[in-house]
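Topology and contacts: notes
Single-letter residue listing:
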Amino acid sequence: TRTPVNVTVTGAAGQIGYALLFRIASGHLLGADVPVKLRLLEIPQGMKAAEGTAMELDDCAFPLLKGIDIFDDPNKGFEGANVALLVGARPRTKGMERGDLLSANGGIFKPQGAAINAHAADDIKVLVVGNPANTNALIAQAAAPDVPAERFTAMTRLDHNRAISQLAAKTGAAVSDIKRLTIWGNHSATQYPDIFHAEIAGKNAAEVVSDEQWLADTFIPTVAKRGAAIIEARGASSAASAANAAIDHVHTWVNGTAAGDWTSMGIPSDGSYGVPEGIISSFPVTTKDGKYEIVQGLDINEFSRARIDASVAELVEERDAVRELGLI
Ligand code: NAX
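Because the structure is a prediction, the values reported are computed rather than measured.

Thresholds applied
Residues numbered from 1 in each chain as written. Predicted model: local features only at pLDDT ≥ 70, side-chain atom pairs only at ≥ 80, totals over all residues. Heavy atoms only, no water. Near = heavy atom within 4 Å. Polar contact = N/O pair within 3.5 Å; in protein donor to acceptor, adjacent residues only side chain to side chain. Helix = DSSP H or I, 4+ residues; strand = E, 2+ residues; numbered from the N terminus. Nonpolar A, V, L, I, M, F, W, Y, C, P; charged D, E, K, R; others polar. UniProt positions renumbered as here; feature names shortened; annotations may be inferred. Contact = heavy atoms within 4.5 Å. Buried < 20%, exposed > 50% of the residue type's maximum accessible area, 1.4 Å probe, protein only. Salt bridge = Lys/Arg side-chain N within 4 Å of Asp/Glu carboxyl O. Axes fitted to C-alpha atoms, helices over the stretch in contact; angles between N-to-C directions. Parallel < 35°, antiparallel > 145°, perpendicular 65-115°, else oblique. Left-handed = near helix turned anticlockwise from the far one by under 90°. Expected span 1.5 Å × (residues − 1). Pairing = 2+ DSSP bridges.

Examining the site of the ligand
Residues in contact with the ligand amount to 22 residues; listed here are only the nearest, Q15, I16, E42, V129 and N131. Within the backbone of M155, one N or O atom sits 3.4 Å away from a nitrogen atom of the ligand. A distance of 3.2 Å separates an oxygen atom of the ligand from a polar atom in the side chain of H187. Sorting the residues of the shell around the ligand by element identifies helix 1 (15-25) and helix 4 (98-119) as the ones contributing at least two each. For the shell around the ligand, the class distribution of residues is 11 nonpolar, 10 polar and 1 charged.

In structure tokens, the structure reads:
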């Protein structure tokens, strides 16, 4: 029998946590044959609700779930963690400037990065979901100098999945026929969903669509502003779809991309495609044996170049701001 994999989830009492934990425990994160132990990390005010969620997890009698522990101390929460899903974050509230938001999140992600550095397992893989996800991931990564930088990733898989869904709706294709879509840049309104290399049932997606106006004026803004549209409709932000994307991100990272396809992940840039080294930006990646690689050699047209550059410029500004705040 396999040793259980330790999965730490922060913000476990939140709405994404509620949608996420049951799927981890039922085997969707790592595989139907992989036992897991959950380590829930909350702040003191969230402990009681996390305990309630843990009671419900018990009540599911999941065969793969080998234990649940709840903590409000990151040093304990990340002990022995093989996978860490950093979901809890400080949301932007009224009157908050970007600097305030970044420093409030620095107060969360810097100590969490340090706790990962000190206590996580050697094979730790980190996914940051809590916004601003890319820069929060950078803060955590900078606080964990003994962990290989590439283990810190940020979630753009929800954007990726949203883009596939929009493209399927536009063309009448099945979502499973759409491959090689890419989200570039920041998980923010500047993100760039790129269909120029995407395929629909083997045909180039941009050629199938053949409508640059739809691309520029409908597709890109619909994907980029989907989070706001969900809030408007639901009265609450995306939770089940965000949890689903977090499951997809880690499952793909651990279990690999399908032949001929790739996915999108926010990862520390190695300088590919002119994205400054070190910032955490979304790229097209293939994964295999628990490792990812940036898809190289894609031809970037002018339309794409301008949009990638704009999103990357925002990430550079965020990096400079957290540097000035002493957070990295
Ligand atoms: P909720 O406010 O429902 O839950 C957040 C939970 O985090 C709360 O229970 C809170 O007590 C806990 N928390 C706060 N600080 C913590 C800390 N230092 N340690 C441990 N737990 C802590 O938010 P929810 O809707 O679950 O969203 C969580 C985060 O995901 C937000 O930052 C949100 O912006 C972000 N999202 C990111 C997405 C992405 O695609 N990358 C999409 C969905 C979502 O908007």
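A look at the UniProt feature "domain: Lactate/malate dehydrogenase C-terminal" (unreviewed entry) in the chain
In the UniProt entry, the feature "domain: Lactate/malate dehydrogenase C-terminal" (unreviewed entry) is given for residues 156-322. Helix makes up 47% of residues 156-322 and strand makes up 19%, while its end C-alpha atoms are separated by 21 Å.

Some points on unusual backbone geometry
Among all residues except glycine, the phi angle is most often negative; among peptide bonds, the trans geometry is most common. With omega at -10°, the peptide bond leading from N131 into P132 counts as cis. Its location among the elements puts P132 in the loop between strand 5 (125-128) and helix 5 (133-142). The backbone of D289 shows a phi angle near 50°, a positive value even though the residue is not glycine. Mapped onto the elements of the fold, D289 is located in the loop between strand 13 (280-288) and strand 14 (291-294).

Description of the UniProt feature "binding site: substrate" (unreviewed entry) in the chain
Per the UniProt record, "binding site: substrate" (unreviewed entry) is found at R92, R98, N131 and R162. The greatest C-alpha distance among the residues just named is 26.0 Å, and with 71 residues of sequence between them they are spread in space as well. Position of R92 among the secondary structure elements: in the loop between strand 4 (83-86) and helix 4. Beyond its immediate chain neighbours, meaning those up to four positions away, R92 contacts E97, R98 and L101. There is a polar contact of 3.2 Å between the side chain of R92 and the backbone oxygen of M96. By secondary structure assignment, the location of R162 is in helix 6 (residues 157-171). In this structure R162 comes out as buried when scored by relative accessible area, which is 11%.

Focus: the pattern of salt bridges
Following the criterion strictly, the structure yields 6 salt bridges and no others. Between D73 and K76 there is a salt bridge whose closest N-O contact spans 3.7 Å. Given the relative accessible area of 44%, K76 is considered partly exposed.

Considering the packing of helix 6 against helix 8 (residues 212-224)
In a packed pair of helices, the relevant descriptors are the angle between the two axes and the axis-to-axis distance. Where helix 6 meets helix 8, the closest approach of the two axes is 9 Å, and the angle between their N-to-C directions is 135°. On the basis of their axis angle, the class for helix 6 and helix 8 is oblique. Note that helix 6 runs across helix 8; the crossing there is right-handed. In this structure, helix 6 contributes D159, R162, A163, Q166, L167 and K170 to the contact, and helix 8 contributes W214, F219, T222 and V223. Class assignment of the residues belonging to the contact of helix 6 with helix 8 gives a composition of 5 nonpolar, 2 polar and 3 charged.

A word on helix 11 (residues 302-324)
For helix 11, which comprises 23 residues, the first-to-last C-alpha distance of 33 Å matches the rise-based estimate of 33 Å (1.5 Å per residue) to within 8%. For helix 11, the full list of buried residues reads F303, S304, I308, S311, V312, L315, V316, E318, R319 and V322. Looking at the packing, one finds that the buried side of helix 11 touches helix 4, helix 5, strand 8 (182-184), strand 9 (192-194), helix 8 and strand 13. Following helix 11 by one or two positions, G326 has its phi on the positive side, about 75°.

Some thoughts on the sheet that holds strand 7 (residues 178-179)
Read across the sheet, 3 strands follow the order 7-10-11 without closing on themselves; strand pairing throughout is antiparallel. Looking at which strands have only one partner, the edges of the open sheet turn out to be strand 7 and strand 11 (203-204). Here strand 7 runs beside strand 10 (residues 199-200); their pairing, made up of 2 bridges, is antiparallel. Bridge pairing in strand 10 places I178 opposite I200.

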